[in-house]
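Listed here are the chains, written in short residue letters.
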Amino acid sequence: SIASPVHGAEIRVTEADAKAAAISKSVPEYPAAARQLKVTGKVELEVTIAVDGSVEDVKISSGNALLTRPCAKAVHDWRFTPFLQDGKPTRAVAALTFEFK
């Protein structure tokens with residue numbers, strides 16, 4: 001018999017694929033405090049995309065605390081075209097990077 005995928009299994013997708021599949025995305029706000037302190041740098045998030053294309057979870061991988069919160073907040077509102085595995089919608093995980101200059 002053919003093993004069926006474990007319920008709740010997920011696929012990893014590239015940042016490029018995730019950004020291409022994003023149908024609605026808000027841009028993270030550059031907080032006034034961070035701008036005033038001239039805080040720059042990258043924020044890396046790991047985003048879990050539900051089978052319906054909504055964002056299920058956002059984990060902060062790295063970045064300055066002044067910048068990570070607005071990024072996570074913005075990404076929570078993103079919507080994606082659902083990712084497919086074997087023709088069926090599946091959960092997907094992608095790393096997203098934002099740069100503040």
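These lines cover the structure that appears in this document, whether it is placed above or below.

The next subject is the side chain of T48. Its location among the elements puts T48 in strand β3 (residues 41-49). Leaving out residues up to four positions away in the same chain, T48 has contacts with E10, S54, V55, E56, D57, R91, A92 and V93.

Let us look at the pattern of salt bridges. Pairing between side chains becomes possible if they bear opposite charge and their charged atoms approach one another. The final tally for this structure, using the stated rule, is five salt bridges. The salt bridge partner of E10 is R91, with a shortest N-O separation of 3.5 Å. In this pair, E10 sits in strand β1 (residues 10-13) while R91 sits in strand β7 (residues 88-100), placing the two residues 81 residues apart along the sequence. Relative accessible area serves as the criterion here: at 41%, E10 is assigned to the partly exposed category. Its salt-bridge partner being D57, residue K59 comes within 3.1 Å of it at the nearest N-O pair. K59 sits in the partly exposed class, given a relative accessible area of 46%. Since its relative accessible area comes to 27%, D57 is described here as partly exposed.

End to end, helix α3 (residues 65-76) covers 17 Å across 12 residues, agreeing with the expected 16 Å (1.5 Å per residue, within 8%). For α3, the complete set of buried residues consists of L67, T68, P70, C71, A72, A74 and V75. Contacts from the buried residues of α3 go to α2 (32-36), β3, β4 (55-62) and β7. Where α3 begins, the capping side chain belongs to N64, and its oxygen is found 2.7 Å from the backbone nitrogen of L66.

Conventions and cut-offs
- Residues numbered from 1 in each chain as written.
- Predicted model: local features only at pLDDT ≥ 70, side-chain atom pairs only at ≥ 80, totals over all residues.
- Heavy atoms only, no water.
- Helix = DSSP H or I, 4+ residues; strand = E, 2+ residues; numbered from the N terminus.
- Contact = heavy atoms within 4.5 Å.
- Salt bridge = Lys/Arg side-chain N within 4 Å of Asp/Glu carboxyl O.
- Buried < 20%, exposed > 50% of the residue type's maximum accessible area, 1.4 Å probe, protein only.
- Expected span 1.5 Å × (residues − 1).
- Polar contact = N/O pair within 3.5 Å; in protein donor to acceptor, adjacent residues only side chain to side chain.

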